[in-house]
Amino acid sequence: MNTLKKLRVVSLSMACLLLSCTSRPHDAEKVLSEPAIYPDYIGVTVPVDIAPLNFSMADDGVTTVDVEVKGSQGGSLHVNGAYADFGIDEWHDLLRRNQGGKLSFSVCAEKEGKWMQYNTFDIFISKYPLGEWGITYRRVAPGYQMYGRMGIYQRELATFEEKVILDNKFLDGGCVNCHTVNRSKPDDYVFHVRSEHGATVVGRQGKTDFLASVNDSLGGAMVYPYWHPNGRYIAFSTNKTSQLFHSGKNKRIEVFDGQSDVFIYDTETHETLRDTLIMKKYWAENCPAFSADGKWLYFTTARRQSYPQNYDLEKYSLCRVSFDEKNGKLGQQVDTLVNASKTGKSVTWPRPSYDGRYVMFTQLDYGYFSIWHPEADLWLLDLQTGETRPLEEVNSDSAESLHNWSSNSRWFFFTSRRDDGLYTQIYFSSLDEHGKATKPFLLPQQNPHRYYQRTLYSFNTPDFVSTPVATESKDIVKSLRNEKRVSTR
């Protein structure tokens, strides 16, 4: 062996020796409790296709964390550093090997030169994959007096990669919102732009239409969209939205509609299908959603109140009406599924599962704009039994709000302010065969403590996507600026 090779062997040996010496602390003091980590991933259930659940100690005084992970069906990981930072490929190999099993985490933490070893905790690997490439969402500052920088983004859920779809800095600071796809298929999408270059942008089968942002015949903009499963129709509401401000400390703002109606848009004929059955003069219809088979249109409705005096008397019921996709017509009768006059509460954001079993909705004391309501919780309507129940497994003392299902109906996400009461973040959970939800987990980030402590934006109107969104931002901006718009009738 020549001298150069000998030096390389010696260097490698010394490196291995150093790594083995620092691989695990041997003089750690035993602590008879689980570690306090951020985010709290202890006991959560995750899919095999989720990014690494990196975490740090909740105590900022901790300088080093050492983590050993062992799979119940084999395999292990070991990381050591300022926070637990798992390699993406190694993490996914370990999850695939232990699908249907669990991972056990042994954590040691160093603070002021002293090591502590905590009780082991588990993370469970579901037998059901997520089955989605990623999510889209709007990032927006959680203010209410004015809006500034915002954008629509997409995020791959198996990694930490995030890309912009449309940034409002290219639209002179206009408001962009509600990027909605058809059952996680990104080729069918719709979003709304409110600005000098405003439009409702509808993409379907490779063609993009730019509709007039405000339709005079409807009396407002086309908002809160939901796709029919065949892709031809989109249900919208049209809303005249205003704000009230609270003087108490628990609530800051109230968003209400002076007028709102529900209608259906035909993407092939550019017709708006309106019916007095769901556009009543003294009632506010809102938040439409088609059933999994497309045969029903769900929506919420409340008797309009006089504002601002009776803002807290507006309570929405959950209703549905049949829909015939062949002729684009509604049925003759509206069914009330959750009656606000009986519950004394208000329903918003109904989202049917794609297997036809459930409707998830948010329930709050009054109104429908749930992100400003700390009491807002997720509820589940079982369409087989007609029973409703609160999803106590995922609810918190802060506002739970917007939510939707994965295409296999095993997973769902929802937005919540439970972290700090100010910023809305995205959480994931799954339902078992009996409709029981697992402990929710926060959207993973490369360095979650730094990311969530430093971000100045809330996550808003998220949606699953099965493949990356291929829309080119520059093409959208160019078309918005040329002012050509499709008229609806």
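This structure is a prediction, so every number in the text was calculated from the model and none was measured.

1. Description of empty space enclosed by the protein
Taken as a whole and judged by the stated rule, the model has 2 cavities of 30 Å³ or more. By volume, the largest cavity amounts to about 100 Å³. Taken together, 15 residues line the largest cavity, and the ones lying closest to its centre are Asn-182, Arg-183, Tyr-226, Trp-227 and Tyr-354. Mapped by element, the contributors of at least two residues to the lining of the largest cavity are strand S13 (175-182) and strand S19 (223-227). At 3 residues, S13 tops the list of elements feeding residues into the lining of the largest cavity. Residues of the lining of the largest cavity, tallied by class, amount to 8 nonpolar, 5 polar and 2 charged. Looking at the second largest cavity, its volume works out to about 30 Å³. As for the second largest cavity, its lining consists of Cys-178, Val-190, Phe-191, His-192, Thr-200, Met-222, Val-223, Tyr-224, Pro-225 and Phe-236.

2. Let's talk about the sheet that holds strand S14 (residues 185-194)
Overall, antiparallel pairing links the 4 strands, which are arranged S13-S14-S15-S16 in an open sheet. With one partner strand each, in any of the chains shown, S13 and strand S16 (207-212) form the two edges of the open sheet. Across the sheet, the mean angle separating the axes of adjacent strands is 15 degrees when strand polarity is ignored. For S14 and strand S15 (residues 199-204), the ladder comprises 5 bridges, and the chain directions are antiparallel. Directly across from Tyr-189, in S15, lies its bridge partner Gly-203. Contacts from helix H5 (residues 473-481) reach S14, S15 and S16 within the one sheet, and its direction differs from that of S16 by about 35 degrees.

3. Overview of the pattern of salt bridges
What the rule picks out here adds up to 16 salt bridges. Its salt-bridge partner being Lys-127, residue Glu-433 comes within 3.6 Å of it at the nearest N-O pair. On the criterion of sequence distance, the pair formed by Glu-433 in the loop between strand S33 (425-430) and strand S34 (441-442) and Lys-127 in the loop between strand S9 (121-125) and strand S10 (134-140) is long-range, its members being 306 residues apart. With relative accessibility at 41%, the residue Glu-433 sits in the partly exposed group. Put simply, Glu-268 and Arg-232 hold a salt bridge, and the shortest N to O gap is 3.5 Å. Note that Glu-268 is positioned in the loop between strand S21 (253-266) and strand S22 (271-273) and Arg-232 in the loop between S19 and strand S20 (233-245), a separation of 36 residues in sequence.

4. Focus on H5
Taken together, the buried positions of H5 are occupied by Ser-473, Ile-476, Val-477 and Leu-480. All buried residues of H5 lie within an arc of 95 degrees about the axis, which places them on one face of the element. In this structure, H5 carries Lys-474 and Lys-478 as exposed residues pointing more than 90 degrees from its buried face. Next to the buried residues of H5 lie strand S12 (162-167), S14, S15 and S16. Immediately beyond the C-terminal end of H5, within one or two residues, lies Glu-483, with a positive phi of roughly 70 degrees.

Rules and cut-offs
Residues numbered from 1 in each chain as written. Predicted model: local features only at pLDDT ≥ 70, side-chain atom pairs only at ≥ 80, totals over all residues. Heavy atoms only, no water. 1 Å grid on protein atoms, 1.4 Å probe; cavity = no way out; pocket = protein on both sides within 12 Å on 5 of 7 lines; lining within 4 Å. Points joined across faces, edges and corners; volume = space filled by probe spheres on them. Helix = DSSP H or I, 4+ residues; strand = E, 2+ residues; numbered from the N terminus. Nonpolar A, V, L, I, M, F, W, Y, C, P; charged D, E, K, R; others polar. Pairing = 2+ DSSP bridges. Axes fitted to C-alpha atoms, helices over the stretch in contact; angles between N-to-C directions. Contact = heavy atoms within 4.5 Å. Salt bridge = Lys/Arg side-chain N within 4 Å of Asp/Glu carboxyl O. Buried < 20%, exposed > 50% of the residue type's maximum accessible area, 1.4 Å probe, protein only. Arc of directions from axis to C-beta.

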